[in-house]
Amino acid sequence: MKLNLHLVRIFYQIVESQSFTKAAEKLFISQSAVSKAIRELETQLGLSLIERNMAGVKKNRTIKLTEDGRILFEHARAIFSLEKVAIDDLQARIGLKQGKLRVGASTTVASYWLANYVTAFHQKYPNIELNIKVGNTEMMRQALINCDIDLAIVEGEVDDQRIHREVWQQEELSIITSPDMNLSLKELSNQLWLVREQGSGTYKVTENMLQTLNVKPKQRLIMASNEGIARMVACGAGVAILPACIVEDLITLKKVKVLQLPQAKKLIRALYLITLQERPISTLLQRFIEELKR
């Protein structure tokens, strides 16, 4: 058995308004269409729903239900009450009065870029639950594909046809050493290079820069933390390429210094805003994106 909800809605409205005429007016259909719908519903169900005298249901007479009609009405009331809850919930989400937003961010973005944007968004929409997932660029790409997040901001290029990307910000990077190290370009290959793990945007930038400078490190130490790498450089462990925002405090405190190489151009990389190509942008997500672009 299939329940025709269109016909059930007409039946429900008749009982609620206690009038075929009023039901027709509320549903914007003719009274004859209302009467026809009830007959059709009773035929489909094989049940009598409304008690009738020999002349049928008289105008302005109270609607009296059969036992089967009363049971259907109770089910209909539950169905349309749930519908109202769903509509109210969706309207609240459209009005940004409630909802949940899942944002992915690569490590540097989460630690140094997002705070002001997230704070401003929360102040505008305090009832929106914001969940921020942090990981490297590859992890964020996979989370987006799996629909575990709604969008991500990453520090590495994402080459995936399923993903739409656009440049969000430009970020400066620096080659850093401990303060007492004075290195030439030729000496860089003999240094221990502290690098991020594969899948990290910083790792890709480092490898591209080393290739451009024709630097071929004999030793690498892999660490999944920019801050950890910066501290190790400060201790004299080796050399690294890191975002300027991460090392500016250490530079001020003279714990590390920026290695100036005449042969190297200013290091700049893009931070990308990425979303899934085939996934519609909700009103909530659009508002967050607008906040990110202010």
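Residues numbered from 1 in each chain as written. Predicted model: local features only at pLDDT ≥ 70, side-chain atom pairs only at ≥ 80, totals over all residues. Heavy atoms only, no water.

(A) The arrangement of helix H7 (residues 137–145) in detail. Along H7, the residues classified as buried are Thr 137, Met 140, Arg 141, Ala 143, Leu 144 and Ile 145. Here the buried face of H7 lies against strand E1 (99–106), strand E2 (128–135), strand E3 (151–154), strand E4 (163–177), helix H8 (201–212) and strand E9 (268–276). Residue Asn 136 occupies the N-cap position of H7, its side-chain oxygen lying 3.1 Å from the main-chain nitrogen of Glu 138. Looking one or two residues beyond H7, the residue adopting positive phi is Cys 147, at roughly 60 degrees. (Buried < 20%, exposed > 50% of the residue type's maximum accessible area, 1.4 Å probe, protein only. Helix = DSSP H or I, 4+ residues; strand = E, 2+ residues; numbered from the N terminus. Contact = heavy atoms within 4.5 Å. Polar contact = N/O pair within 3.5 Å; in protein donor to acceptor, adjacent residues only side chain to side chain.)

(B) Spatial organisation of the pattern of salt bridges. Tallied over the entire structure, the rule returns 19 salt bridges. A salt bridge links Arg 9 to Glu 83; the nearest nitrogen and oxygen atoms lie 2.8 Å apart. Here Glu 83 lies in helix H4 (residues 67–94) and Arg 9 lies in helix H1 (residues 5–17), a separation of 74 residues in the sequence. Arg 9 gets classed as partly exposed once you look at its relative accessible area, which sits at 32%. (Salt bridge = Lys/Arg side-chain N within 4 Å of Asp/Glu carboxyl O.)

(C) Quick peek at the packing of H1 against H4. The N-to-C vectors of H1 and H4 enclose an angle of 105 degrees; their axes lie 9 Å apart at closest approach. Considering the angle they form, H1 stands roughly perpendicular to H4. Touching Leu 5, Val 8, Arg 9, Phe 11, Tyr 12, Val 15 and Glu 16 of H1 are Gly 69, Leu 72, Phe 73, Ala 76, Arg 77, Ile 79, Phe 80 and Glu 83, all from H4. Among the residues forming the contact of H1 with H4, the class breakdown is ten nonpolar, one polar and four charged. (Axes fitted to C-alpha atoms, helices over the stretch in contact; angles between N-to-C directions. Parallel < 35°, antiparallel > 145°, perpendicular 65-115°, else oblique. Nonpolar A, V, L, I, M, F, W, Y, C, P; charged D, E, K, R; others polar.)

(D) Fine view of the side chain of Thr 177. Its location among the elements puts Thr 177 in strand E4. The exposure class of Thr 177 is buried, given its relative accessible area of 0%. The contacts of Thr 177, once residues within four sequence positions are left out, are Leu 183, Val 233, Gly 238, Val 239, Val 256, Lys 257 and Leu 259.

(E) Examining the packing of H1 against helix H3 (residues 31–45) more closely. Running from amino to carboxyl end, H1 crosses H3 at an angle of 120 degrees, the nearest separation of the two axes being 9 Å. With respect to H3, the axis of H1 lies oblique. Handedness of the H1/H3 crossing: left-handed. The residues of H3 that touch H1, namely those facing Leu 7, Val 8, Ile 10, Phe 11 and Ile 14, are Val 34, Ala 37, Ile 38, Glu 40, Leu 41 and Gln 44. Residue classes in the contact of H1 with H3 are distributed as nine nonpolar, one polar and one charged. (Left-handed = near helix turned anticlockwise from the far one by under 90°.)

(F) Geometry of the nonpolar core. Counting residues in each nonpolar core, the largest one holds 22 residues, and the members touching the most others are Phe 11, Ile 14, Phe 20, Leu 41, Leu 49 and Ile 50. Only H1, helix H2 (20–27), H3 and H4 provide two or more residues apiece to this core. The element best represented in this core is H1, accounting for seven residues. One finds Ala 105, Leu 114, Val 118 and Ile 153 within the second-largest nonpolar core, a separate group that totals 21 residues. (Core = buried A, V, L, I, M, F, W, Y, C linked by side-chain atoms within 4.5 Å.)

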